Amino acid sequence: MKYQLKVIIASTRPGRKGPLIAHWFLDILKQHSDFEVEVLDLKEINLPFLDEPEHPRLQNYKHGHTKKWSGIINSADSFIFITPEYNFGYPATLKNALDYLFHEWQEKPVGFVSYGGVSAGTRAVQAIKQTVTTLGMVPLMQAVNIPFFTQLINEDGVFEGNANLEKSARSMLKQLLRWTKALKEMRGKRE
Ligand SMILES: Cc1cc2nc3c(=O)[nH]c(=O)nc-3n(C[C@H](O)[C@H](O)[C@H](O)COP(=O)(O)O)c2cc1C
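Heads up: these notes are all about the structure in this document. (Residues numbered from 1 in each chain as written. Predicted model: local features only at pLDDT ≥ 70, side-chain atom pairs only at ≥ 80, totals over all residues. Heavy atoms only, no water.)

One pass over the structure, following the stated rule, counts nine salt bridges. Notably, a salt bridge pairs glutamate 38 with lysine 6, separated by 2.6 Å at the nearest N-O pair. Highlighted residues: glutamate 38 in strand E2 (residues 35-41) and lysine 6 in strand E1 (residues 3-9), separated in sequence by 32 residues. Residue classification places glutamate 38 among the partly exposed positions, given a relative accessible area of 32%. Where aspartate 77 meets lysine 184, a salt bridge forms, and the shortest distance between an N and an O atom there is 2.9 Å. Of this pair, aspartate 77 sits in the loop between helix H3 (64-74) and strand E3 (78-84) while lysine 184 sits in helix H6 (residues 163-188); the two residues are 107 residues apart in sequence, bridging distant segments of the chain. Connected through salt bridges with shared partners, the residues Asp77, Lys184 and Arg187 form a single ionic network. (Salt bridge = Lys/Arg side-chain N within 4 Å of Asp/Glu carboxyl O. Helix = DSSP H or I, 4+ residues; strand = E, 2+ residues; numbered from the N terminus. Buried < 20%, exposed > 50% of the residue type's maximum accessible area, 1.4 Å probe, protein only.)

Here it is in structure tokens:
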């Protein structure tokens, strides 16, 4: 049985580098037959700023875009967030996408691929953890944190991760699979 893994690309600005990092990571994911992967590019998904009148806990959604987003996230077993660091935090687009829903995120694991300068996006990841745990998600400790990521973008504009980054990716995916299995079983036992 394959687990449904959603890879969320958080940045949406023109000229963003997120898709380059995603491309590299998705290549590694291809070697993991346990997951059926769907990429959720927040630029394409194009959610407006949260415009639902009621708290997402009630799931009384008014808008088609929310119902669609709810269906996509509900079908997931686990997540990878590919995120930059903006002003020591994480992009507002990702916060907005998280805030839209509540139950749909619950009891699902999330791994992080972050990129930035000296911090490698780690401050963004630490900030995300506060929100995802509030949503009942399980953030992984194992992560891919890419420092000075622009140095790994070649002349053709392709991001080339080095052996250390690949190793981090594999160890994160190994752990993600363990949590995905455990939490899926746990969700199945909900009363
Ligand atoms: C609004 C803004 C704030 C940024 N703040 C940080 C930061 O706090 N730490 C960091 O390492 N890089 C920071 N950067 C540089 C980003 O690492 C770099 O622009 C990266 O390409 C952003 O990801 P994106 O291209 O996918 O949007 C910032 C960039 C922007 C646009």
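Let's shift gears to the site of the ligand. Looking at the ligand, there are 16 residues lining it, with Ser11, Arg13, Lys17, Tyr86 and Tyr115 nearest. Tyrosine 86 places a polar side-chain atom, nitrogen or oxygen, 2.5 Å from an oxygen atom of the ligand. At 2.5 Å from an oxygen atom of the ligand is found a side-chain nitrogen or oxygen belonging to tyrosine 115. If the ligand stood free it would expose 610 Å²; the protein chains cover 72% of that surface. Classifying every residue of the shell around the ligand by side-chain character gives five nonpolar, six polar and five charged. (Near = heavy atom within 4 Å. Polar contact = N/O pair within 3.5 Å; in protein donor to acceptor, adjacent residues only side chain to side chain. Areas by Shrake-Rupley, 256 points an atom, 1.4 Å probe, with all protein chains shown as cover. Nonpolar A, V, L, I, M, F, W, Y, C, P; charged D, E, K, R; others polar.)

Shape is all these values report; function is a separate question.
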